[in-house]
Amino acid sequence: MLLVKTVRRSAFLQNAAVLTVTSLLLRTVGIFFRIYLAGRIGAEGMGLYQLIVSVYVLASAFAAAGICTAVTRMVTDALCHGNRRTALAALRAAVLVSIGVGVVSALLVSLAADPISRFCIGDMRAVAALRILTVSLPFMGVSSCLKGYFMARRRVNVTAHAQLLEQAVRIAVIALLLERGYAVSVASACAVVMVGDVVAESTSCLHLALSFRRDRRRLPAGDEGTRSAVMPTLMGIALPITATRYLNTTLHTVENLLVPSRLARYTGSRAVALAQFGCLKGMAMPLLFFPSSFLSSLATLLIPEISEAASLDRQEKVQRAVARTLHLTLTGAILTGGVFYLYAVPLGRLFYHSDEVGCILRALAPLVPAMYVESMVDGILKGLNQQVSTLKYSVVDSALRLALVVTVVPRAGMAGFLFVMTVSNVLVAVLNVNRLLTVTGMRFRWRQWVIAPTLAVAVAAWGSYVLQRNVLLAACPPIVAVGLGIALLCGLFLLLLYACGCVSRQDVMI
């Protein structure tokens, strides 16, 4: 038993390392590619691109949402009980459903590209890009099924390779087309980006399919079992999650399409509004979520682990995993928020040569803990079969956001929208955490998870600020001074937490 537990823990940590390195690499490349893209198409082009992506996300939510989690949970449960046939039947059913839904989604978006561009996006330059992106939807659905299967198999290296291949192909295709002069306008630039996405999605899907054919032969024989209840079970898991994400994505898409028009009422210019929207969604937010690579990897791996523990009624293991995850999430998020608050303006200038991006980063920095916790706990709740609760919270949150966007943003501009984000993220984080504590029977450890990290980051930030102002800026170039200041802040933070006993070696062992 001890040997099995050691092997399982080792496999978990290896998978976590693979996902973390992959996520860091992808996000690093993605940040620099966005810098390159912003330089080629400008803030207005990034704003239009983000509006097109909003429609893309809505269509992809219909085509793929819920399937990955459903496959992961069903395959995990089937293999846990030695039922190979049910595992394969669940995947097969999910692929068929995904292909059908993906084709329908593609046809709907393609046929409605003109009215979507005219009445929803408010810019006819989006038509070509919308029609191109529809090709990728069936591939995205199949990829989601296969990723769920490999997560259940704990073979995250396969999904990591697929993600790396997808990003490499995307960047190569887009850069090649841009450098060949195909982006002569904002409209053609957005179309070029969508061509890159289509080629990347199809290539990734092919890689996953070939990997599955090889892995299928390695499945343990076990009891062949029955597959009679596969489709009802699949739909029972996938539909609430899909409904949650689709409703949530629909409302967020409506919100994203409304924000530029509401900002335009405040600024008096559609181009200025698009530029501000591009700075927030296309530049600041990806940078703000860059450090979450570590946490998102953990969240991805926790779904099959927690699902298996819950399936085997191992409540103690569920509580231990959830407690340590909340601890690490809040600790990392509070540190991240401190870094962005103190160094927001230098980071905005360094990455985008923009003080406006830096101001947005500073305004959103205090929200980082709520943002990270919301994302992490949402994944855990779905692993605990609480997708209906997340649906209710998403509806409440999205309705509130829409009401505030309509009433506040035209009067306060970007400051108003940042206020909307603050209310939304705090509300959903509180609701999700409260539900998680209720389901698991845990207590929220304020001193260890919130108070101590907050005090530690405040002291570390003060020390970093004093040293940077009085020593580093005088002795080093600005970029080096910022890097050393951030490293010092992180080091002091961890030392303070370790000294007061709030972080130990056991806290990073699931």
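Residues numbered from 1 in each chain as written. Predicted model: local features only at pLDDT ≥ 70, side-chain atom pairs only at ≥ 80, totals over all residues. Heavy atoms only, no water.

**Side note on the overall build of the protein chain**
Part 1 of the reasoning: Along the protein chain, the regular secondary structure elements total 18 helices and 0 strands.
Part 2 of the reasoning: Counting every position in the protein chain, which comprises 510 residues, the buried fraction comes to 54%.
Part 3 of the reasoning: By sequence separation, contacts in the protein chain at least 24 residues apart represent 83% of the contacts at least 6 residues apart.
Part 4 of the reasoning: Only carbon and sulfur atoms are counted for the fraction: they give 66% of the accessible area of the protein chain, which is about 21,900 Å². (Helix = DSSP H or I, 4+ residues; strand = E, 2+ residues; numbered from the N terminus. Buried < 20%, exposed > 50% of the residue type's maximum accessible area, 1.4 Å probe, protein only. Contact = heavy atoms within 4.5 Å. Areas by Shrake-Rupley, 256 points an atom, 1.4 Å probe, with all protein chains shown as cover.)

**A short note on the packing of helix H12 (residues 315-352) against helix H16 (residues 414-440)**
Part 1 of the reasoning: The N-to-C vectors of H12 and H16 enclose an angle of 155°; their axes lie 10 Å apart at closest approach. In this view, H12 runs roughly antiparallel relative to H16, as classed from their interaxial angle. Crossing of H12 against H16: the hand is left-handed. Contacts between H12 and H16 pair Gln315, Val318, Gln319, Val322 and Leu326 from the former with Leu436, Val439 and Thr440 from the latter.
Part 2 of the reasoning: Split by residue class, the contact of H12 with H16 holds 5 nonpolar, 3 polar and no charged. (Axes fitted to C-alpha atoms, helices over the stretch in contact; angles between N-to-C directions. Parallel < 35°, antiparallel > 145°, perpendicular 65-115°, else oblique. Left-handed = near helix turned anticlockwise from the far one by under 90°. Nonpolar A, V, L, I, M, F, W, Y, C, P; charged D, E, K, R; others polar.)

**Here we look at the pattern of salt bridges**
Part 1 of the reasoning: The final tally for this structure, using the stated rule, is 9 salt bridges.
Part 2 of the reasoning: The closest approach of N and O atoms between Arg153 and Asp215, which form a salt bridge, is 3.0 Å. Taken together, the residues span a long stretch of sequence, with Arg153 in the loop between helix H6 (137-152) and helix H7 (156-179) and Asp215 in helix H8 (residues 186-216) at a distance of 62 residues. By the burial criterion, Arg153 is buried, and Asp215 matches it.
Part 3 of the reasoning: Taken together, the salt bridges that share partners define one network made up of Arg153, Arg155 and Asp215. (Salt bridge = Lys/Arg side-chain N within 4 Å of Asp/Glu carboxyl O.)

**Here we look at a positive patch on the surface**
Part 1 of the reasoning: A grouping of Arg213, Arg214, Arg217 and Arg218 is seen on the molecular surface, where their side chains present a positively charged patch.
Part 2 of the reasoning: With respect to the helices and strands, the residue Arg214 is situated in helix H8. (Patch = residues over 30% accessible without salt bridge, like charges linked within 9 Å, V, L, I, M, F, W, Y side chains within 5 Å. Lys, Arg positive; Asp, Glu negative; His and termini not counted. Charge placed at Lys NZ, Arg CZ, Asp CG, Glu CD.)

**Details of the environment of Gly463**
Part 1 of the reasoning: Structurally, the position occupied by Gly463 is in helix H17 (residues 446-475).
Part 2 of the reasoning: Along the chain, Gly463 and Leu489 lie 26 residues apart, while their C-alpha atoms are 7.4 Å from each other.

**A short note on the packing of helix H14 (residues 368-383) against H16**
Part 1 of the reasoning: H16 packs onto H14 with a crossing angle of 40° between their chain directions and a minimal axis gap of 9 Å. As for the relative orientation of H14 and H16, their crossing is left-handed in sense. Where H14 abuts H16, its residues Ala370, Met371, Val373, Glu374, Val377, Asp378, Ile380 and Leu381 lie against Met421, Asn425, Val426, Val428, Ala429, Asn432, Val433, Arg435 and Leu436.
Part 2 of the reasoning: Taken together, the residues of the contact of H14 with H16 break down into 12 nonpolar, 2 polar and 3 charged.

**Examining the packing of aromatic side chains**
Part 1 of the reasoning: Inspection of every chain in the model, using the stated rule, returns 7 aromatic pairs.
Part 2 of the reasoning: For the ring pair Tyr149 and Phe150, a centre distance of 5.1 Å and an interplane angle of 75° mean the geometry is edge-to-face.
Part 3 of the reasoning: With a relative accessible area of 0%, Tyr149 lands in the buried category.
Part 4 of the reasoning: For Phe150, a relative accessible area of 0% translates into the label buried. (Phe/Tyr/Trp six-rings, centres within 6.5 Å; stacked < 30°, edge-to-face > 60°.)

**A few points about the side chain of Asn425**
Part 1 of the reasoning: Here Asn425 shows up in helix H16.
Part 2 of the reasoning: Polar side-chain contacts of Asn425 include one of 2.7 Å to the backbone oxygen of Met421.
Part 3 of the reasoning: Ignoring any residue separated from it by four or fewer positions in sequence, one finds Asn425 in contact with Leu367, Ala370, Met371, Glu374 and Arg401. (Polar contact = N/O pair within 3.5 Å; in protein donor to acceptor, adjacent residues only side chain to side chain.)

**Description of the nonpolar core**
Part 1 of the reasoning: In terms of nonpolar packing, the biggest core is built from 91 residues, with Ile52, Ile121, Leu130, Leu280, Leu364, Phe417 and Met421 touching the most fellow members.
Part 2 of the reasoning: Contact partners of Leu280, with chain neighbours within four places excluded, come to Met285, Ile360, Leu364, Met414, Phe417, Leu418 and Met421.
Part 3 of the reasoning: Core analysis: the next-biggest nonpolar cluster, separate from the first, contains 31 residues, Met74, Ala87, Phe150 and Ile241 among them. (Core = buried A, V, L, I, M, F, W, Y, C linked by side-chain atoms within 4.5 Å.)

**Some thoughts on the environment of Thr329**
Part 1 of the reasoning: Here Thr329 lies in helix H12.
Part 2 of the reasoning: On the accessibility criterion, Thr329 (1% relative accessible area) is buried.
Part 3 of the reasoning: Through-space distance from the C-alpha of Thr329 to that of Met376 is 7.6 Å; in sequence the pair is 47 residues apart.
Part 4 of the reasoning: There is a polar contact of 2.7 Å between the side chain of Thr329 and the backbone oxygen of Thr325.

**A closer look at helix H10 (residues 270-288)**
Part 1 of the reasoning: Spanning 19 residues, H10 covers 26 Å between terminal C-alpha atoms, matching the ideal 27 Å at 1.5 Å per step.
Part 2 of the reasoning: For H10, the principal kink sits at Gly278 and spans about 30°.
Part 3 of the reasoning: Where H10 begins, the capping side chain belongs to Ser269, and its oxygen is found 3.4 Å from the backbone nitrogen of Ala271. (Expected span 1.5 Å × (residues − 1). Bend = angle between axes of the 7 residues up to and from the residue.)

**Regarding the side chain of Arg401**
Part 1 of the reasoning: Turning to its location among the elements, Arg401 is positioned in helix H15 (residues 387-412).
Part 2 of the reasoning: Overall, the relative accessible area of 6% leaves Arg401 in the buried class.
Part 3 of the reasoning: The contacts of Arg401, once residues within four sequence positions are left out, are His252, Glu255, Phe417, Val420, Met421, Ser424 and Asn425.

**A short note on the confidence of the model for the protein chain**
Low-pLDDT stretches of the model should not have their predicted coordinates read in fine detail.
Part 1 of the reasoning: Across the protein chain, the average pLDDT comes to 82, with 87% of residues at 70 or higher.
Part 2 of the reasoning: Within the protein chain, the lowest mean pLDDT, 63, falls on helix H11 (residues 293-311), and the highest, 92, falls on H8.
Part 3 of the reasoning: Taken together, the stretch residues 1-7 has pLDDT below 50 and engages in 0 contacts with residues farther than four places along the chain or on a different chain. (pLDDT = per-residue confidence, 0-100.)

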